[in-house]
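Commentary on secondary and tertiary structure
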Amino acid sequence: MASRINIINKLAKNRDLTDEEFLRLIYPACSFVNRMPGEEGSLDIPGRIEPWTENEERHLYLKARETVEKVYGKAVYLRGLIEFTNYCKNGCRYCGINKGNIRAERYRLNIDEILSCCNKGYELGFRTFVLQGGEDPYYTDEMICGIISLIKSSHPDCAVTLSIGEKERESYQAYFDAGADRYLLREETSDLKHYHFLHPDTLSMEHRQNCLYTLKSIGYQVGAGFMVESPGQRPEHILKDLRFMQELGPHMIGVGPFIPHKDTCFAYEPQGSLKSTLHMLGILRLMFPEVLLPATTALGTIDEHGREKGLLAGANVIMPNLSPSDVRGKYLLYDGKLCTGDEAAEHREGLVRRVESVGCHVEQTRGDHISMA
Ligand code: SAH
């Protein structure tokens, strides 16, 4: 059986592996303590389950850094995250702002508040603004387009990224025509049973995946992704996500650890681990040398230096919070979410120092996807 080091080398060279080989990289990183009800455990095939050695980890991260640096050098791109509404019509079981959480204190930002976040961000050096929110029908397509046009006319040198969930093609097209550049929509999982374990029956995996293809065909730079070690997640599910992403060809991939939220039905599920998330980042970097890969806030939440470690494992984007300080604590997707430390956009100095502590530097540009093809 090939050693894990050989498999890493093969991935670095070919950008692809057999299912068996991928599973050998994924398996030991997964705690897979949590199973969906009625599910058998995976067969613990010998050789798949031995934990990673430090040497193997170091090798993966080294290869991943080498790979990202060939495309992006040591640049780290910042995205200013504006969480403009925590109202949501969906009931995703893992999410703290799901519609069933009656304890969530709801808020919405108006167009002036959103623009002033961008203005503040621009002063601080941000050249990408990410508008994220629950799926909130209060904001009509017309309003969203109005917000996009206003930001683009005030800051023509900036990119606008949307992360507002599943819509129909006409809406995505209208946002794009209004000037939106990018769209983040994690597929969350590519296994049908797992999808329905995480989501209510009103949502469909097919629709979510189709949204990503639609966005891409319109011309957006698209971001897919999933949570690491979400409840019920199996190594085989992650493998399906990797295959899905190979087919989709996303420009960005967001992966962060699952973190439980106390007012959801997954309150007592274990959180995803630092190691599994770092392994995932390394694997994704080797598969997709050109992809924009954030070291997520969730990663920074489970470990004080999580984001720096993420950069060392192949990530090259950080998304500090630009939301007004009085609402930051309310956009609680999970417990303990970072919101007042170095991840806050106004603490840019601290963030710059963190990035520099791992030998990278912050680049003050839009940070578009680079294609080497
Ligand atoms: N409504 C938008 C934005 C969702 S929030 C959409 O549907 O795309 C952004 C991401 O946060 C989600 O895609 C999910 O992967 C992640 N997230 C939600 N709850 C989480 C939790 N408990 N732990 C970790 N990540 C979570």
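Details of the structure are given in the entry above.
This section reports on the structure supplied with the text.

Reading the values: the criteria
Residues numbered from 1 in each chain as written. Predicted model: local features only at pLDDT ≥ 70, side-chain atom pairs only at ≥ 80, totals over all residues. Heavy atoms only, no water. Helix = DSSP H or I, 4+ residues; strand = E, 2+ residues; numbered from the N terminus. Rg over C-alpha atoms; globule rule 2.2 N^0.38 Å. Buried < 20%, exposed > 50% of the residue type's maximum accessible area, 1.4 Å probe, protein only. Contact = heavy atoms within 4.5 Å. Areas by Shrake-Rupley, 256 points an atom, 1.4 Å probe, with all protein chains shown as cover. Lys, Arg positive; Asp, Glu negative; His and termini not counted. Charge placed at Lys NZ, Arg CZ, Asp CG, Glu CD. Axes fitted to C-alpha atoms, helices over the stretch in contact; angles between N-to-C directions. Left-handed = near helix turned anticlockwise from the far one by under 90°. Nonpolar A, V, L, I, M, F, W, Y, C, P; charged D, E, K, R; others polar. Pairing = 2+ DSSP bridges. Right-handed = clockwise from strand over helix to strand, strands pointing away. Near = heavy atom within 4 Å. Polar contact = N/O pair within 3.5 Å; in protein donor to acceptor, adjacent residues only side chain to side chain. Core = buried A, V, L, I, M, F, W, Y, C linked by side-chain atoms within 4.5 Å. Parallel < 35°, antiparallel > 145°, perpendicular 65-115°, else oblique.

1. Topic: the overall build of the chain
The number of helices and strands found in the chain is 14 helices and nine strands. In terms of overall dimensions, the chain is globule-like: its C-alpha atoms have a radius of gyration of 20 Å, near the 21 Å expected for 373 residues. With 373 residues in all, the chain has 61% of them scored as buried. Within the chain, contacts between residues separated by at least 24 positions form 75% of all contacts whose residues are at least 6 apart in sequence. About 14900 Å² of surface is accessible on the chain, with carbon and sulfur atoms providing 53% of the total. Here the chain contributes 44 positively and 52 negatively charged side chains, and the mean placements of these two sets differ by 3 Å.

2. So, the packing of helix α6 (residues 169–178) against helix α8 (residues 205–218)
Interaxial distance between α6 and α8 falls to 10 Å at its minimum, and their mutual angle equals 35 degrees. Regarding α6 and α8, the two cross each other, and that crossing is right-handed. For the pair formed by α6 and α8, the contact residues are R169, Y172, Q173 and F176 on the first element and C211, T214, L215, S217 and I218 on the second. Looking at side-chain class alone, the contact of α6 with α8 contains five nonpolar, three polar and one charged residues.

3. Comments concerning helix α2 (residues 19–26)
When you tally the buried positions in α2, you get six out of eight residues, the bulk of the element. Those residues of α2 that fall on the buried side of the exposure criterion are E21, F22, L23, R24, L25 and I26. In this structure, the buried residues of α2 make contact with α1 (4–14), α9 (235–248) and α10 (274–287).

4. Observations regarding the sheet that holds strand β8 (residues 317–318)
With parallel pairing, three strands are arranged side by side in an open sheet as β8-β1-β9. The sheet is open, and its two edges are formed by β8 and β9 (361–363), each paired on a single side. Strand contacts of helix α14 (residues 348–357): β1 (75–78), β8 and β9, with the helix running at about 125 degrees to β9, the strand carrying the most contacts.

5. A word on the pairing of strand β2 (residues 80–85)
With respect to burial, β2 is a largely interior element, six of its six residues being buried. With respect to chirality, the unit in which β2 leads through helix α4 (residues 111–123) into the neighbouring parallel strand β3 (residues 128–133) is right-handed.

6. Regarding the pairing of strand β7 (residues 252–257)
Summarising burial for β7: six of the six residues are buried, a large majority. Across the two faces of β7 the burial is the same, with M252, G254 and G256 and I253, V255 and P257 all buried. Relative to β7, strand β6 (residues 221–228) runs parallel, the two being bridged by six bridges. Paired with M227 across the bridge in β7 is G256.

7. Thoughts on the side chain of Q209
Relative to the helices and strands, Q209 resides in helix α8. Take Q209: its relative accessible area is 15%, and that puts it in the buried class. Contacts of Q209, omitting those with residues within four sequence positions, involve T189, S190 and F244.

8. Details of the site of the ligand
Inspection of the region around the ligand gives 18 residues, with Y94, G133, R186, E188 and I259 positioned closest. In this structure, a nitrogen atom belonging to the ligand sits 2.9 Å away from a main-chain N or O atom of G133. With respect to the ligand, the backbone of L333 contributes an N or O atom lying 3.4 Å from a nitrogen atom. A total of 550 Å² of accessible area belongs to the ligand in isolation, and the protein chains cover 91% of it.

9. Focus: the nonpolar core
A general tendency of soluble globular proteins is for nonpolar side chains to be buried together. Membership of the largest hydrophobic core comes to 100 residues, with the highest contact counts inside it found for L162 and Y175. Non-local contacts of L162, meaning those with residues more than four positions away in its chain, are made with L131, I144, I148, Y175, A180, R182, Y183 and L184.

10. Focus: the packing of helix α3 (residues 54–72) against α10
At a minimum axis separation of 9 Å, α3 and α10 run at an interaxial angle of 40 degrees. On the basis of the axis angle, α3 is oblique to α10. Crossing angle aside, the handedness with which α3 passes α10 is left-handed. Between α3 and α10, the contacting residues are E57, L60, Y61, K63, A64, T67 and V68 on the first element and K275, L278, H279, G282, I283, R285 and L286 on the second. Classifying every residue of the contact of α3 with α10 by side-chain character gives seven nonpolar, three polar and four charged.

11. Some points on the sheet that holds β2
Spatial ordering of the open sheet is given by β2-β3-β4-β5-β6-β7, a layout of six strands whose pairing is parallel. Unpaired on one side and paired on the other, β2 and β7 mark the two borders of the sheet. Neighbouring strand axes in the sheet, compared pairwise and without regard to direction, differ in orientation by 20 degrees on average. Summarising the sheet, strand β5 (residues 182–184) and β6 pair through three bridges and their orientation is parallel. When the sheet's bridge partners are listed, L184 is paired in β6 with G223.

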